[in-house]
Amino acid sequence: MGHPLLLQQAKPVTAFNTPELHALLEDMRDTMAHLDGAGLAAPQIGVSLQVVIFGLTHNPRYPDAEEVPATVLINPVLTALGQEQEEGWEGCLSVPGFRGMVPRYCRLRYQGYDAMGNFLDRTVSGFHARVVQHECDHLIGVLYPMRIRDFSRFGFSDVLFPDQGGSVGKDD
Ligand code: NI
């Protein structure tokens, strides 16, 4: 947080299934796995391109988290379905050590492309919808603290959730 690249509009990807794109995705997967995150956007590792990855398999550390399929999403277009929003805890690998309560649209359609250029079109809700909104915000220069409405619910993970080792929510 504080790096100008995280506040920029990322550029669209223009060529799919290239060695450069696959190398970027490998780098992103390694970073996300190493930091045990649920998602990552290319600007978070210094590349201002419209590329995000996300996914969450069942993890004993987060027994209540809904599973999200491992996904590569490039040049995404998000459409909120309805105006209903819900609040939920979020963290971010670019804002280490913190959690905040963030409003997100409950239902969402997202479209984009995978690494090979195949079109992707999904309608999702709940945690899946939240992760996609968080990651795609990184592509328009928005970090989750900029979405917080109630700053009494923003703080250090280990202070907010001392009983869970500060591990409520997931870093995206
Ligand atoms: Ni993030």
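Residues numbered from 1 in each chain as written. Predicted model: local features only at pLDDT ≥ 70, side-chain atom pairs only at ≥ 80, totals over all residues. Heavy atoms only, no water.

**Considering the overall build of the protein**
Along its length, the protein carries 3 helices and 8 strands. Against the 2.2 N^0.38 benchmark of 16 Å for 172 residues, the protein shows a C-alpha radius of gyration of 15 Å, consistent with a compact globule. Here the protein holds 172 residues, and 49% of them are scored as buried. If you take every contact in the protein between residues at least 6 apart in sequence, the share linking residues at least 24 apart comes to 66%. In the form shown here, the protein has an accessible surface area of approximately 8,600 Å², with 54% of it arising from carbon and sulfur atoms. Distance from the positive charge centre (13 side chains) to the negative charge centre (21 side chains) of the protein: 5 Å. (Helix = DSSP H or I, 4+ residues; strand = E, 2+ residues; numbered from the N terminus. Rg over C-alpha atoms; globule rule 2.2 N^0.38 Å. Buried < 20%, exposed > 50% of the residue type's maximum accessible area, 1.4 Å probe, protein only. Contact = heavy atoms within 4.5 Å. Areas by Shrake-Rupley, 256 points an atom, 1.4 Å probe, with all protein chains shown as cover. Lys, Arg positive; Asp, Glu negative; His and termini not counted. Charge placed at Lys NZ, Arg CZ, Asp CG, Glu CD.)

**Overview of the sheet that holds strand S3 (residues 68–80)**
Overall, antiparallel pairing links the 5 strands, which are arranged S1-S2-S3-S6-S7 in an open sheet. Each of the sheet's edge strands pairs with one partner strand only, and the pair in question is strand S1 (39–41) and strand S7 (119–125). Strand-to-strand, the axes of this sheet are offset by a mean angle of 35°, without reference to chain direction. Relative to strand S6 (residues 107–113), S3 runs antiparallel, the two being bridged by 5 bridges. For Ala-80, the partnering residue across the bridge sits in S6 and is Leu-108. Taken strand by strand, helix H1 (residues 19–34) contacts S1, strand S2 (51–56) and S3, and its axis lies near 40° from that of S2. With respect to the sheet, helix H2 (residues 126–137) is in contact with S1, S2, S3, S6 and S7, its orientation differing from that of S3 by roughly 65°. (Pairing = 2+ DSSP bridges. Axes fitted to C-alpha atoms, helices over the stretch in contact; angles between N-to-C directions.)

**Section: the sheet that holds strand S8 (residues 154–156)**
Backbone-to-backbone hydrogen bonds join strands into a sheet, with any given pair of strands oriented parallel or antiparallel. Strand order in the open sheet formed by 3 strands is S4-S5-S8, and the pairing between neighbours is antiparallel. The open sheet has two edge strands with one neighbour each: strand S4 (85–90) and S8. Taken pair by pair, the neighbouring strands of this sheet meet at an average axis angle of 25°, ignoring direction. As paired elements, S4 and strand S5 (residues 98–105) share 6 bridges and run antiparallel to each other. Counterpart to Glu-90 in the pairing with S5 is Gly-100.

**With respect to unusual backbone geometry**
Of note in the backbone geometry, Asn-17 takes a positive phi value of approximately 55° without being a glycine. Its location among the elements puts Asn-17 in the segment before H1. The exposure class of Asn-17 is partly exposed, given its relative accessible area of 42%. Positive phi outside glycine occurs at Asn-75, with the angle close to 50°. In this fold, Asn-75 is placed in strand S3.

**As for the packing of aromatic side chains**
Under the defined criterion, the tally for this structure stands at 8 aromatic pairs. Aromatic pair Tyr-144 and Phe-154: ring centres 6.2 Å apart, planes at 75°, arrangement edge-to-face. Taken together, the residues Tyr-144 in the loop between H2 and S8 and Phe-154 in strand S8 connect sequence positions 10 residues apart. Taking the relative accessible area as the measure of exposure, Tyr-144 reaches 1% and is therefore buried. Among the residues examined, Phe-154 registers a relative accessible area of 26% and is labelled partly exposed. Ring pairing ties together the aromatic residues Phe-98, Tyr-144, Phe-151, Phe-154 and Phe-156, which thus form one cluster. (Phe/Tyr/Trp six-rings, centres within 6.5 Å; stacked < 30°, edge-to-face > 60°.)

**A closer look at the environment of Glu-86**
Of note, Glu-86 is situated in strand S4. Note on Glu-86: relative accessible area 36%, which makes it partly exposed. Along the primary structure Glu-86 and Leu-108 are separated by 22 residues, whereas in three dimensions their C-alpha atoms are 12 Å apart. Those residues in contact with Glu-86 that sit more than four places away from it in its chain are Val-102, Pro-103, Arg-104, Cys-106, Gly-126 and Arg-130.

Everything listed here is a matter of coordinates, which is why it stays silent on function.
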